[in-house]
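Analysis of the macromolecular model
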Amino acid sequence: QVQLVESGGGLVQAGGSLRLSCVASGRTYSNYAMGWFSQGPGKERELIAGISRSGNTYYADSVKGRFTISRDNAKNTVYLQMNSLNPEDTAVYYCAARRTVSPGTAVFGSYEYDYWGQGTQVTVSS
């Protein structure tokens with residue numbers, strides 16, 4: 001099994017920044033593609049950013065140019081740097097891991113991810 005623990009959420013003013021972290025333990029982290037999902041009030045859980053085993057990245061249009069996903073395999077950690085936050089970014093953010101033999105694939109459907117963290121709340125005030 002893989003256990004995922006998110007951290008770094010909180011309350012921030014519009015225009016501010018946060019960095020979310022997700023630490024993985026258990027199976028070999030480098031064999032997993034990683035993703036960050038958000039779920040705002042009354043909304044479906046949505047893939048915001050993904051990163052492949054080899055470092056290819058994907059971003060939803062809503063966060064492109066503002067958010068950056070990265071991974072540090074030595075620390076078994078994936079990050080989401082969030083800049084220029086706006087109230088529409090208010091959501092619970094989840095990290096997810098997808099075991100894959102395809103090193104270059106950065107995006108999968110939510111049903112394809114094998115493990116999920118418990119989420120961390122991000123609230124952006126006006």
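Above this text is the structure in question.
Reading guide: rules and limits
- Residues numbered from 1 in each chain as written.
- Predicted model: local features only at pLDDT ≥ 70, side-chain atom pairs only at ≥ 80, totals over all residues.
- Heavy atoms only, no water.
- Disulfide = S-S within 2.5 Å.
- Helix = DSSP H or I, 4+ residues; strand = E, 2+ residues; numbered from the N terminus.
- 1 Å grid on protein atoms, 1.4 Å probe; cavity = no way out; pocket = protein on both sides within 12 Å on 5 of 7 lines; lining within 4 Å.
- Points joined across faces, edges and corners; volume = space filled by probe spheres on them.
- Nonpolar A, V, L, I, M, F, W, Y, C, P; charged D, E, K, R; others polar.
- Salt bridge = Lys/Arg side-chain N within 4 Å of Asp/Glu carboxyl O.
- Buried < 20%, exposed > 50% of the residue type's maximum accessible area, 1.4 Å probe, protein only.

**With respect to the state of the cysteines**
Covalent bonding between the sulfur atoms of two cysteines is what defines a disulfide. Taken as a whole and judged by the stated rule, the model has one disulfide. A sulfur-sulfur separation of 1.9 Å characterises the disulfide bridge that pairs C22 with C95. Measuring handedness by torsion sign, the sulfur bridge of C22 and C95 sits at about 50° and is right-handed. In this pair, C22 is assigned in strand 3 (residues 18-26) and C95 in strand 9 (residues 91-99), connecting sequence segments 73 residues apart.

**Quick notes on the layout of surface pockets**
Over the atoms, a rolled probe matching the size of one water molecule traces out where space is still vacant. Size it by volume and the largest pocket reaches roughly 210 Å³. Lining the largest pocket we find 17 residues, and of these S38, K43, E46, E88 and D89 sit closest to its centre. Of all elements in the fold, only strand 4 (32-39), strand 5 (46-51) and strand 9 reach the threshold of two or more residues within the lining of the largest pocket. Across the lining of the largest pocket, the residue classes tally to five nonpolar, six polar and six charged.

**Notes on the pattern of salt bridges**
Side chains bearing opposite charge may pair, as long as their charged atoms lie close to each other. Taken as a whole and judged by the stated rule, the model has three salt bridges. Its salt-bridge partner being R66, residue D89 comes within 2.8 Å of it at the nearest N-O pair. With D89 in the loop between strand 8 (77-82) and strand 9 and R66 in the loop between strand 6 (57-59) and strand 7 (67-72), this residue pair connects regions lying 23 residues apart in the sequence. With a relative accessible area of 7%, D89 lands in the buried category. Accessibility expressed as a relative area gives 15% for R66, which makes it buried. Between E112 and R98 there is a salt bridge, and its shortest N-O distance comes to 3.3 Å. With E112 in the loop between strand 9 and strand 10 (115-116) and R98 in strand 9, this pair connects stretches of sequence that are 14 residues apart. A relative accessible area of 24% means that E112 is categorised as partly exposed.

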